Amino acid sequence: MDTQATQAPASSTPRCCIAGGGPAGMVLGLLLARAGVPVVVLEKHLDFLRDFRGDTVHPSTLEVLHELGLLEAFLQRPHDRIDELRGTFEGRTVPVADFTHLPSHSKFLVLMPQWEFLDFMCDEARRYPCFELWTDAEAVGLLQDKGRVNGVKVRRGRRAGQPQEVELHASLVVAADGRHSTLRDAAALPHISYGAPIDVLWMAVPRLASDPSSTGGHIAGGRILVTLNRGDYWQCAFVIPKGGHDALQARGITAFHEEIGRIAPFLADRLPSALPDWDSVKLLEVTVDRLESWSCRGLLCIGDAAHAMSPVGGVGINLAVQDAVAAANLLAAALAGDASEKEIDALLPQLQRRRELPVQVTQAVQRFIQDRVLMAVLDGRPAAGPRRLPLALRLLARWPLLRRLPARAVGLGLRPEHVTSPRSART
């Protein structure tokens with residue numbers, strides 16, 4: 001259906017428009033609203049309720065919530081607490097990461113459905129009168145004036161069956177619309193693509209009281225399965241070689257059940273009912289890339305829009321939230337004040353200078369693990385005898401002190417950000 005562009009209502013004209021209601025967009029929206037910045041966040045769906053989005057809330061994000069005075073309220077939401085990550089290699093369970101020694105207030109990971117996290121951030125942001133969330137509102141293009149981005153084209157009401165295109169002007173547009181960002185493509189920002197040798201299949205399997213309780217990874221018979229304890233079900237990630245989805249489907253869903261059952265035998269009896277067909281298995285095509293420049297005049301990219309991360313380590317949300325905190329620290333005072341567009345533009349490259357090193361290091365580690373560890377498991381070569389624990393797992397099993405290193409890398413990452421953005425007296 002054709003739509004006609006109209007001007008957004010004057011009452012909705014923000015100082016900042018954030019495209020994308022994911023973790024990066026919602027955290028930045030809250031922090032800017034807290035500083036007194038009129039901000040609109042665009043969420044293309046009607047709500048946040050979607051399966052198989054990243055559900056890990058890292059200690060670094062919990063530390064941000066602590067600094068905002070929101071941690072206690074946040075932990076009232078349904079969640080699972082993880083003090084230690086464990087892995088199972090050919091039937092042997094090995095502790096991998098111990099979070100209990102982290103230099104942070106929350107010495108644990110939290111597994112929480114992402115919609116709960118986003119609902120919480122939205123509820124807190126709505127306490128501030130300058131915050132606005134538009135749902136069923138998709139950023140489909142950029143507005144420009146004299147070569148500078150000054151707003152977005154927004155398609156509203158498509159899912160409600162009443163599409164209308166409006167123009168929303170703002171002093172700054174932030175693209176937080178994910179790895180397939182419409183806005184970064186519209187700005188023609190060049191990026192470096194590293195590819196990825198793996199894809200991931202996501203699925204949900206009911207959990208029984210007799211099941212193991214711990215979240216972790218399972219490696220057996222040249223296959224990799226990650227099981228996340230979601231209370232009454234397991235959120236499972238099955239790692240496959242890049243492009244291997246069609247061949248897996250060709251072997252049939254029953255053969256797939258058998259593969260999962262060999263890796264995690266406690267799940268075998270319920271797989272036919274939990275996964276009756278391929279519609280219950282969702283494919284995540286893994287990409288790893290990074291923009292050469294995260295910004296141009298009037299536009300800033302953060303989170304997956306600036307740097308798509310591998311699911312290795314589950315740190316994508318962590319990096320996105322850290323970007324949002326750093327962006328608020330950098331921009332909130334200028335946006336809340338009377339900074340000119342030229343002054344705002346001059347600040348934007350500073351975010352990339354602040355955040356690019358953590359992203360580069362994390363992506364390098366992820367690519368190493370994908371290429372040298374995961375693909376070594378998935379290469380299909382049969383073992384001559386019982387497989388021996390890899391050296392890294394043997395060291396982690398023997399020396400508990402070493403488990404603090406992966407906990408630090410996953411839980412806090414390189415250069416964790418702290419909230420220094422102001423809180424407006426008016427709010």
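See above for the structure.
In this text the structure is predicted, and so the values were computed from the model without any measurement.

A. The arrangement of the overall build of the protein in detail. Counting its regular elements, the protein contains 12 helices and 22 strands. Over its C-alpha atoms the protein spans a radius of gyration of 22 Å, differing by no more than 12% from the 22 Å that the globule rule assigns to 427 residues. Considering only C-alpha atoms, the protein reaches an extent of 70 × 50 × 40 Å along its principal axes. Long-range contacts, defined as pairs at least 24 residues apart, comprise 75% of the intrachain contacts of the protein with a sequence gap of at least 6.

B. Structural context of the sheet that holds strand β21 (residues 295–296). Taken in spatial order, the six strands make up an open sheet running β9-β3-β2-β13-β22-β21, and their pairing is mixed. Of all strands in the sheet, those with a lone pairing partner are β9 (131–135) and β21, marking the two edges. Of the pairings in the sheet, the one linking β21 to strand β22 (residues 299–301) comprises two bridges and is antiparallel in character. Each bridged residue has a counterpart across the sheet, and for Ser-295 the counterpart in β22 is Leu-300. Contacts from helix α1 (residues 23–34) reach β2 (16–19), β3 (39–43), β9 and β13 (172–175), with the element oriented near 165 degrees to β3.

C. View of the packing of aromatic side chains. Taken as a whole and assessed by the stated rule, the structure comprises five aromatic pairs. When the ring of Phe-74 is compared with that of Phe-117, the centres are 5.9 Å apart and the planes differ by 85 degrees; the resulting orientation is edge-to-face. A residue pair is termed long-range when its members are at least 10 positions apart, and Phe-74 in helix α3 (residues 71–74) and Phe-117 in helix α4 (residues 114–125) qualify at 43 residues. An angle of 40 degrees between the planes, with centres 5.1 Å apart, marks the rings of Phe-256 and Trp-278 as tilted. A residue pair is termed long-range when its members are at least 10 positions apart, and Phe-256 in helix α7 (residues 253–263) and Trp-278 in the loop between α8 (271–274) and β19 (282–284) qualify at 22 residues. A relative accessible area of 1% places Phe-256 in the buried class. Each member of the aromatic cluster is reached from another via a ring pair, and the members are Phe-74, Phe-117 and Phe-120. Seen from the ring of Trp-134, Arg-156 lies directly overhead, with NZ or CZ sitting 3.9 Å from the centre. Above the plane of the ring of Tyr-194 lies Arg-367, whose end atom (NZ or CZ) is 4.0 Å from the centre.

D. Up close: helix α12 (residues 404–411). All of the buried residues along α12 are Ala-407, Val-410 and Gly-411. The buried residues of α12 occupy one face: seen down the axis, they fall within an arc of 85 degrees. Residues of α12 that are buried make contact with α2 (59–67), β7 (92–98) and α9 (316–336). Looking one or two places after α12, you find Gly-413, whose phi comes out positive at around 75 degrees.

E. Fine view of the sheet that holds strand β4 (residues 56–57). Spatially, three strands are ordered β4-β8-β5 in an open sheet, and the strand pairing comes out antiparallel. Two strands bound the open sheet, and with one partner strand each, they are β4 and β5 (80–82). Pairing of β5 with strand β8 (residues 109–111) involves three bridges; the strand directions are antiparallel. Residue pairing in the sheet places Asp-80 in a bridge with Leu-111 of β8.

Conventions and cut-offs
Residues numbered from 1 in each chain as written. Predicted model: local features only at pLDDT ≥ 70, side-chain atom pairs only at ≥ 80, totals over all residues. Heavy atoms only, no water. Helix = DSSP H or I, 4+ residues; strand = E, 2+ residues; numbered from the N terminus. Rg over C-alpha atoms; globule rule 2.2 N^0.38 Å. Contact = heavy atoms within 4.5 Å. Pairing = 2+ DSSP bridges. Axes fitted to C-alpha atoms, helices over the stretch in contact; angles between N-to-C directions. Phe/Tyr/Trp six-rings, centres within 6.5 Å; stacked < 30°, edge-to-face > 60°. Buried < 20%, exposed > 50% of the residue type's maximum accessible area, 1.4 Å probe, protein only. Lys NZ or Arg CZ within 6 Å of the ring centre and 35° of its normal. Arc of directions from axis to C-beta.

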